[in-house]
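Reading the structure
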Protein chains: 2
Amino acid sequence: MSIEKILNPESIVVIGASRNPNKVGSAILKNIRSTYGGKIFVVNPFADKIQEIKSYKSITNIKEKVDVAVISIPADEVLQALKDCEKKKVEAAIIISAGFKEIGKAGSKREAELRAFLKNSKMRVIGPNCLGVISLDPPVNMTFVDPNTKIFKGTTAFISQSGALLSAIVDDASESDIGFSKIISVGNAVDIDEADLLDYLREDEKTKSIVLYLEGLNNGEKFLRSLKEATKKKPVIILKGGRSNKTSSAVMSHTGSLAGDYKAYELAFEKAGAITVSNVDDLFNFMRDASKFDIKTDEVIVATNAGGGGVITSDHINEKGLKMAQISDKTVLDLSKILPPESNLHNPIDMLGDASPDRYKNTLEVLAELKKPIIVVFSPQEMSMPIETAKVIYNIHTKKPSLPLLSVFLGGTNVEKARRFLVERALPVYEYPNEAVDIISGLHFYYSHRNSTYYRYDREKAKITSFKSKVNTFGMDAKLIFDKIGINTVNGAVISEEASLKRTAEKIGYQCVLKISSKMVAHKNKIGGVITNIKNYNELEKAFKGLSQKIRDEKINDAKLELYEDATKGKTNPVEILLGGHRDAVFGPMIALGIGGVHANEIDEVEFVLPQISDQKIKELKNTKVGKLIVSVGGHQMLDTFIAYAIRLGKFMEANKNVKDIDLNPVVISENRTVAVDFKIFVE
Amino acid sequence: MSIEKILNPESIVVIGASRNPNKVGSAILKNIRSTYGGKIFVVNPFADKIQEIKSYKSITNIKEKVDVAVISIPADEVLQALKDCEKKKVEAAIIISAGFKEIGKAGSKREAELRAFLKNSKMRVIGPNCLGVISLDPPVNMTFVDPNTKIFKGTTAFISQSGALLSAIVDDASESDIGFSKIISVGNAVDIDEADLLDYLREDEKTKSIVLYLEGLNNGEKFLRSLKEATKKKPVIILKGGRSNKTSSAVMSHTGSLAGDYKAYELAFEKAGAITVSNVDDLFNFMRDASKFDIKTDEVIVATNAGGGGVITSDHINEKGLKMAQISDKTVLDLSKILPPESNLHNPIDMLGDASPDRYKNTLEVLAELKKPIIVVFSPQEMSMPIETAKVIYNIHTKKPSLPLLSVFLGGTNVEKARRFLVERALPVYEYPNEAVDIISGLHFYYSHRNSTYYRYDREKAKITSFKSKVNTFGMDAKLIFDKIGINTVNGAVISEEASLKRTAEKIGYQCVLKISSKMVAHKNKIGGVITNIKNYNELEKAFKGLSQKIRDEKINDAKLELYEDATKGKTNPVEILLGGHRDAVFGPMIALGIGGVHANEIDEVEFVLPQISDQKIKELKNTKVGKLIVSVGGHQMLDTFIAYAIRLGKFMEANKNVKDIDLNPVVISENRTVAVDFKIFVE
């Protein structure tokens, strides 16, 4: 496998090494020389020697075998260099050079040429327009990061789509004692992309967790597959840049306008069980601690020598959707034997300001038995002993290596040595309570999603409905499709002639609703194209004449009139739900379940799910506003119905790639019946 | 003023100074001696000398004048010591001793005795159960914080309700070069409380910003008044501990159950224009930079040498509700003359990875003209020059001292010196983009609320309606009150006898609604006590008989039947709003405006406002979901109506302290009419 070769080459050639110390090609060679134990070659037609190494005019002049080429030459010479490499049987190349897709038209053409060449080549390539690649064991730094940057060996792999951010994060990581297994700048990814790297790192035994900085993806499905496989083996943490653009294309559907561009990423990451963070800051603790323990429960214990510290930590725990663990009567009794009478024996446990290291030891030994994550919050006070307390914590870790015991040492100079003591022993210690809570929350998410199953999707065996329309489809035409898909819709019929009016109405029953159906009219209500509450034939006839006149007046050539039952007839407090589908450009179909009605967009209370809904997601849906609303009127069974609908819609969209958006709004719930009252299918 | 005396005493006595270096009374004396230039006395009946200072048996033995006593003796001796101090004409005391309200019954009794004594004394007291007080100019440290803690002089005053948190924060602050003017641990506040301290610090010229850690308040109204006055002069930043308890008391009203305990604090702080933070971490940047500049606009400019850094910063800006400033054509033209062709000239402005200090200088000079906050994001890259870039930024600050120019130097060792360079010059520099964005967001909030007016409240001159009921009031009884208050309600009447049924119905009009009204029945719908959609006398008679039977069957002794018009008759898409009031135990009345209907609690989309609604708050309301919903159906005028209703409800609750909660749910909006359909007043 060539990715392994890139990260562990037996020989490297730098094509475009430079004598000028201000040039990229100088820094790369310097970094390789100062880290790498294998054979290094240099190609530069204008030099005889660079940094003490003989320089060749061309790679083809080198006699020895070369595994990997690091290319840093003008963009328009890169293709020829690759061809030379192929001739020389180089297995892989890292193209540092910029000047490709990122600079516009001319660059895109160059990039297309590279891709075309690589299609018929066995060579694997990282880049172009990247910072390069670093491996720590065995060490090799094939990047142009500042040669002064300290980089420690560790177990975190870091993949970044931004070179500048990569330099900054790697520089910063050394200060937090964070070590790496591999660091990879992907650049424009003409060949090896994020998904390939995930596949490789998943199996890499030196990597225990993977951190990604992403701005966009070319192939969402491929990435998602690799991500899901990777999270089965180790935690993956993602910072996505470019979260804030609402979808920009003009959209007719409610569902489409409610879905933001980032929403699809968020769902995809969540489904694949990746932990997402939103700050660079947040990345560091995960880089350091994500692989250290499993968080199997959302109940957290807090023990502190500072009342205020306990209060703040509880706040964060509650705000993150975690729970303060209940302390059983037995444990309270045990604690009462070792803590002074003024202590608080309930969570957060307050060991009081004068807590000695021994008091920490006794308390933590009792709490460790509960096998739940513990946050110890230490505040420096007169009489408190930070280093000795850190040692007590270290001993508990040694005795219970799998116990998630996270320490927070509040303060500065007075506790620095204690933090240092634990950091050096690779134990999770933080400066602020929210950091510990974020780690627990992220890793609990990871734990519960990694073990989540998707059986509902497979159990939903409805046959796939085919839909070949090339035009947006509304009204009865759409109703027939949803009937096939297996979503309950209101009774209705097209009124083709006035003569059939009475007969149809009697079949459907009064009170009923008469609507204009037309591809030209997206929002019937707005033009007065819906007449509700029709109670008898007189009213119906009047409505029919009125709408017929409107069709003539407004020249709606394709208009039909359709008669529907009134789904809310005689029901008290019907609830309107929005059910919809939206096809994301990168990740494909996503299904919307939200508060519906004509004001769905203002209320903007919609949950999106991917077609394959996991058990964990269903559990979470129950606690959303729309979930609670559905359960409150129809019970859990009603929510199950909607989940089945969502899965069916998803299968329908997966099978019919022409479908862009679906709106079923409202779907009315009243007294245990659910019917979609209005239905639209938008095509691409 | 005695608070000034406490912070700037001419002489101090330590009552309870100790020879034992592990005792609080030793640390206090040590801290005073190492910081204070005035006269120090010591009282300890069992010692002749402590730390080289002569010890008196009692304060009354001291001949010289003593300004302030610092008391650290057993709790049950404190009252006598205070009495001695009074005899000695000591002006103020700081009671460090614990053992009062915080330990339960015995302590509460002791604390009540202190309060009773102080009521008739001129002495002012801080504490008990506190860490003490520190002033930096002139310096005096009258606390038992670890004597090794470095504390710098600066312009931030810090008030804390948690001593342990105070030690930790002060210890940590020294590492971030944060200086203080005053540091005050309030303890149980038997005399001087947070409001008194705000009043003092507001006028203190050495204090430019005030930071508070609060867990609770005894007198919300007093605090709020002082807070509002303080924010007129300087920024106040609050971290509230104990945010996560939902209101615990059992509540019958929708409004009460939707209001959390923290909600009232949040509203009060917001109304007073205080900046709230939720992490200890977040406090530090505000401590350092809150008084450095005004943020008059929510439009932010980002300039960077790192594409990824620009992307991430934009994300934070959007997520914080700020805007990316539009760059005008003229500025783009100006930038195009000084930046390379591949640069991005639109916000975020990308000066490219090889940006020299000169390129920063030229770019920032152009951008400074726009007079909007600028975030410069620097990433260490090969060829970039951090220190020289920091110097360029320093020069711009010097030339434009009032320009909000915030620097982010991403990275670790490679940029540390540059960050240090700016920190030492008291310039705002951060490690991560979100920190700069949080500061801008907080200070913009402060700027816009500080200058907000409240004229709407005063303009609303409706006369105050008196309500003396001692029982919960529903139905027609409540309707009459709301009619007086000036809130539009549905037409209705009590049906006292069957004979009046027809006449009343004809006055109200069909279709109509018949309801049971009873103090015993909070949720009429649940027992089938509401019959809607009554279209004629036949149906009405049937309904009347049905409900009368129900009253007899269920023995609802106080029941009346009430007939109402159907507010939604013939309306399409009526919208249901919840309008309500809730009296918070600390801050008094708050008014709720939310999405209404029987499912209001599940949808849980409610905005709370205080009775005095500022212009700024009205602006913000328009962008909430409920604001958008109201505007979408009734326009801005309709939102104005609701705001007037909210103000009237607030005035009503302010005038009638017996009113605990009010529910007007739903208030139906349809076709420019607004009517409350159901109304309840709950009393305490």
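Residues numbered from 1 in each chain as written. Chains lettered and ligands numbered in written order. Predicted model: local features only at pLDDT ≥ 70, side-chain atom pairs only at ≥ 80, totals over all residues. Heavy atoms only, no water.

1. Concerning the overall build of chain A
For the record, the criterion: Each helix is a run of H or I in the DSSP string that is no shorter than four residues. Each strand is a run of E no shorter than two, and both are numbered from the N terminus. When accessible area is computed with a 1.4 Å probe and restricted to protein chains, residues below 20% of their type maximum are described as buried, those above 50% as exposed, and intermediate ones as partly exposed. Throughout, a contact is declared for two residues whenever any of their heavy atoms are within 4.5 Å. Shrake-Rupley sampling with a 1.4 Å probe provides the accessible areas, and residues are treated as covered by the protein chains on show and by no other component. Here Asp and Glu are counted as negative and Lys and Arg as positive; His is not counted, and neither are the chain ends. For charged residues, the charge sits on one atom: NZ in Lys, CZ in Arg, CG in Asp, CD in Glu.
The secondary structure content of chain A amounts to 23 helices and 31 strands. Burial analysis of chain A (684 residues in total) assigns 61% to the buried set. The contacts of chain A with a sequence gap of at least 6 include a subset with a gap of at least 24, amounting to 71%. Only carbon and sulfur atoms are counted for the fraction: they give 48% of the accessible area of chain A, which is about 27200 Å². The positive charge centre, built from 95 side chains, and the negative charge centre, built from 87, are 5 Å apart in chain A.

2. Quick word on the relation of the copies chain B and chain A
We apply this condition: A least-squares fit on C-alpha atoms brings the copies together, and the residues used are those whose pLDDT is at least 70 in both copies.
By a simple turn and slide, chain B fits onto chain A: the slide is 0.0 Å along the axis, the RMSD is 0.1 Å, and the turn is 180°. On this basis, the relationship between the two copies can be described by a two-fold rotation axis. Comparing interface residues between copies, 100% of those in chain B also lie at the interface in chain A; the contact surface is shared.

3. Looking at the sheet that holds strand 1 (residues 11-15) of chain B
All names here are of chain B. Condition: Two strands make a pair as long as DSSP finds a minimum of two bridges between them.
Spatially, the seven strands line up as an open sheet ordered 3-4-2-1-5-6-7, and their pairing is mixed. Whereas interior strands pair on both sides, the edge strands pair on one side only; in this sheet they are strand 3 (49-50) and strand 7 (124-126). Taken together, the two bridges between strand 3 and strand 4 (residues 53-56) define a ladder with antiparallel strand orientation. Among the inter-strand pairings, Lys49 is bridged to a residue of strand 4, identified as Lys54.

4. Notes on the interface of chain B and chain A
Stated precisely, the cut-off is as follows: Note on terms: buried area is the combined drop in 1.4 Å-probe accessible area of two parts once they are placed together, counting the loss on both. Put simply, a salt bridge is a Lys or Arg side-chain nitrogen that is within 4 Å of an Asp or Glu carboxyl oxygen. Polar contact criterion, stated in full: a pair of N or O atoms within 3.5 Å, where within protein one must be able to donate a hydrogen and the other to accept it, and residues adjacent in sequence count only if both atoms are side-chain atoms.
Contacts between the two partners involve 75 residues from chain B and, on the opposite side, 75 residues from chain A. Taking both sides of the interface into account, the surface hidden between chain B and chain A amounts to around 5800 Å²; carbon and sulfur atoms contribute 53%. Three residues stand out in chain B for area buried against chain A, namely Glu382(B), Tyr432(B) and Glu602(B), and they jointly supply 10% of the buried area on that side. The interface formed by chain B and chain A includes six salt bridges. Between Arg243(B) and Asp315(A) there is a salt bridge; the shortest N-O distance is 3.6 Å. At the junction of chain B and chain A, the tally comes to 28 residue pairs in polar contact (both at pLDDT 80 or more). Among the secondary structure elements, those contributing two or more residues to the side of chain B that touches chain A are helix 2 (24-35), helix 5 (163-175), strand 13 (236-240), helix 10 (280-289), helix 11 (307-319), helix 15 (413-424), helix 21 (600-603) and helix 23 (625-655) of chain B.

5. Some thoughts on the pairing of strand 23 (residues 512-517) of chain B
Residue and element names in this part refer to chain B. Of all the six residues making up strand 23, six are buried; the element is thus mostly covered by neighbouring parts of the structure. Residues Cys512, Leu514 and Ile516 point to one face of strand 23 and Val513, Lys515 and Ser517 to the other, with burial holding for every one of them. By the bridge criterion, six bridges tie strand 23 to strand 25 (residues 560-565) in an arrangement that is antiparallel. Across the sheet, residue Ser517 finds its bridge partner in strand 25, namely Lys560.

6. Re the packing of helix 14 (residues 386-399) of chain A against helix 15 (residues 413-424) of chain A
All names here are of chain A. For the record, the criterion: Axis angles are defined between N-to-C directions and span 0 to 180 degrees, where every axis is a line fitted to C-alpha atoms and, for a helix, only to the segment in contact. For classification purposes, angles smaller than 35 degrees are called roughly parallel, those larger than 145 roughly antiparallel, those between 65 and 115 roughly perpendicular, and all remaining angles oblique. Here a crossing is taken to be left-handed if its near helix is turned anticlockwise relative to the far helix by less than a right angle, and right-handed if that turn runs clockwise. Classes in brief: Ala, Val, Leu, Ile, Met, Phe, Trp, Tyr, Cys and Pro nonpolar; Asp, Glu, Lys and Arg charged; the others, Gly included, polar.
Look at helix 14 against helix 15: their axes get within 8 Å of each other, and the N-to-C directions meet at 20°. Accordingly, the angle class assigned to the pair helix 14 and helix 15 is roughly parallel. Of the two possible hands of crossing, helix 14 and helix 15 adopt the one that is right-handed. Residue-level inspection shows Pro386, Ile387, Ala390, Lys391, Ile393 and Tyr394 of helix 14 in contact with helix 15, the latter providing Asn414, Val415, Lys417, Ala418, Phe421 and Leu422. Among the residues making up the contact of helix 14 with helix 15, the classes are represented as nine nonpolar, one polar and two charged.

7. What to know about the pairing of strand 10 (residues 152-160) of chain A
All names here are of chain A. For clarity, the cut-off: The handedness of a crossover follows from its direction of travel: if, with the strands pointing away from the viewer, the path from the first strand over the helix to the second runs clockwise, the crossover is right-handed.
Examined bridge by bridge, strand 10 and strand 11 (residues 179-185) share seven bridges and lie parallel to one another. Looking at strand 11, one finds that Ile159 is bridged to Ile184. Handedness of the crossover is the feature at issue here: the chain leaves strand 10, passes through helix 5 (residues 163-175), returns alongside strand 11, and the resulting connection is right-handed. Inspection of the sheet shows strand 10 paired to strand 12 (residues 209-214) by five bridges, in the parallel sense. Pairing of Ser160 across the sheet is with Tyr213, part of strand 12.

8. Quick notes on the side chain of Ser11(B)
Residues and elements named next belong to chain B. Positionally, Ser11 belongs in strand 1. When its relative accessible area of 5% is taken as the criterion, Ser11 is described as buried. Reaching out from Ser11, the side chain makes a polar contact with the backbone oxygen of Lys65 at a distance of 2.9 Å. Reaching out from Ser11, the side chain makes a polar contact with the backbone nitrogen of Asp67 at a distance of 3.1 Å. Not counting the four nearest positions on each side in its chain, Ser11 is found in contact with Tyr36, Lys39, Phe41, Lys65, Val66, Asp67 and Val68.

9. Quick look at the side chain of Thr389(A)
Residues and elements named next belong to chain A. Relative to the helices and strands, Thr389 resides in helix 14. At 2.6 Å, the side chain of Thr389 and the backbone oxygen of Met385 are in polar contact. If near-sequence neighbours (up to four positions away) are discounted, Thr389 is found in contact with Pro357, Tyr360, Phe378 and Phe409.

10. Quick notes on helix 18 (residues 475-485) of chain B
For helix 18 of chain B, every residue scored as buried is listed here: Gly475(B), Met476(B), Ala478(B), Lys479(B), Ile481(B), Phe482(B) and Ile485(B). Within two residues after helix 18 of chain B, Gly486(B) carries a phi angle of roughly 100°, on the positive side.

11. A short note on the sheet that holds strand 8 (residues 132-136) of chain A
Residue and element names in this part refer to chain A. In spatial order, the strands read 9-8-11-10-12-13-14; together these seven strands make up an open sheet with mixed pairing. Across the chains shown, the open sheet's two edge strands, defined by having one partner strand only, are strand 9 (139-143) and strand 14 (275-277). Direction aside, neighbouring strands of the sheet carry axes that sit 25° apart on average. Most of the contacts of helix 7 (residues 220-233) go to strand 13 (residues 236-240), to which it runs at about 140°, and overall it touches strand 12 and strand 13.

12. A word on the packing of aromatic side chains
Note on aromatic pairs: each is described by the distance of the centres and the angle between the planes. For clarity, the cut-off: Only Phe, Tyr and Trp rings are paired, with Trp represented by its six-membered ring, and only when their centres lie within 6.5 Å; those with planes under 30 degrees apart are stacked, over 60 edge-to-face, the remainder tilted. By definition, being over a ring means that NZ of Lys or CZ of Arg is both within 6 Å of the ring centre and within 35 degrees of the ring normal.
This structure, assessed with the given rule, holds 28 aromatic pairs over all chains. Measuring from ring centre to ring centre gives 5.8 Å for Tyr394(B) and Phe421(B), while their planes differ by 90°; the resulting arrangement is edge-to-face. Here Tyr394(B) is found in helix 14 (residues 386-399), whereas its partner Phe421(B) is found in helix 15, with 27 residues between them in sequence. Exposure remark for Phe421(B): the relative accessible area of 13% places this residue in the buried category. Counting every residue linked through ring pairs, the aromatic cluster contains Phe223(A), Tyr265(A), Phe269(A) and Phe587(A). Of note, Arg425(A) hangs over the ring of Tyr394(A), and the distance from its end group to the ring centre comes to 5.5 Å.

13. Description of the nonpolar core
Rules: The set of buried Ala, Val, Leu, Ile, Met, Phe, Trp, Tyr and Cys residues whose side-chain atoms join them within 4.5 Å is what this entry labels a nonpolar core.
Of all hydrophobic cores here, the largest spans 221 residues; its most connected members are Ile94(A), Phe158(A), Ile94(B) and Phe158(B). Once you skip the residues sitting within four places of it in the chain, Phe158(B) turns out to touch Leu166(B), Ile169(B), Val170(B), Phe180(B), Lys182(B), Ile183(B), Ile184(B), Val211(B), Tyr213(B) and Met287(B). With 94 residues, the next largest nonpolar core counts Val575(A), Val609(A), Ile630(A) and Ile595(B) among its residues.

14. Points about the state of the cysteines
All names here are of chain A. Here is the rule we go by: Cysteine sulfur atoms are paired as a disulfide whenever they come within 2.5 Å of each other.
Counted under the stated rule, the structure contains zero disulfides over all chains. For Cys130, which is in no disulfide, the shortest distance to another cysteine sulfur is to Cys85 and amounts to 14 Å. When its relative accessible area of 4% is taken as the criterion, Cys130 is described as buried.

15. A look at the packing of helix 22 (residues 615-622) of chain A against helix 23 (residues 625-655) of chain A
Residues and elements named next belong to chain A. It is at 10 Å that the axes of helix 22 and helix 23 come closest, and there the two elements cross at 160°. Classified by the angle their axes make, helix 22 and helix 23 are roughly antiparallel. The handedness of the crossing between helix 22 and helix 23 comes out as right-handed. Contacts between helix 22 and helix 23 involve Ile618, Leu621 and Lys622 from the first element and Gly627, Lys628, His636, Leu639 and Ile643 from the second. Of the residues belonging to the contact of helix 22 with helix 23, the class tally is four nonpolar, two polar and two charged.

16. Quick look at helix 9 (residues 261-271) of chain B
Among all positions of helix 9 of chain B, only Tyr262(B), Ala264(B), Tyr265(B), Leu267(B), Ala268(B), Phe269(B) and Glu270(B) are buried. Just beyond helix 9 of chain B, the residue with positive phi is Gly273(B), at close to 80°.

17. A few points about the environment of Ala195(A)
Residue and element names in this part refer to chain A. With respect to the secondary-structure elements, Ala195 resides in helix 6 (residues 194-203). Sequence separation between Ala195 and Gly220 is 25 residues, and the spatial gap between their C-alpha atoms is 9.3 Å. Ignoring any residue separated from it by four or fewer positions in sequence, one finds Ala195 in contact with Lys222, Phe223 and Ser226.

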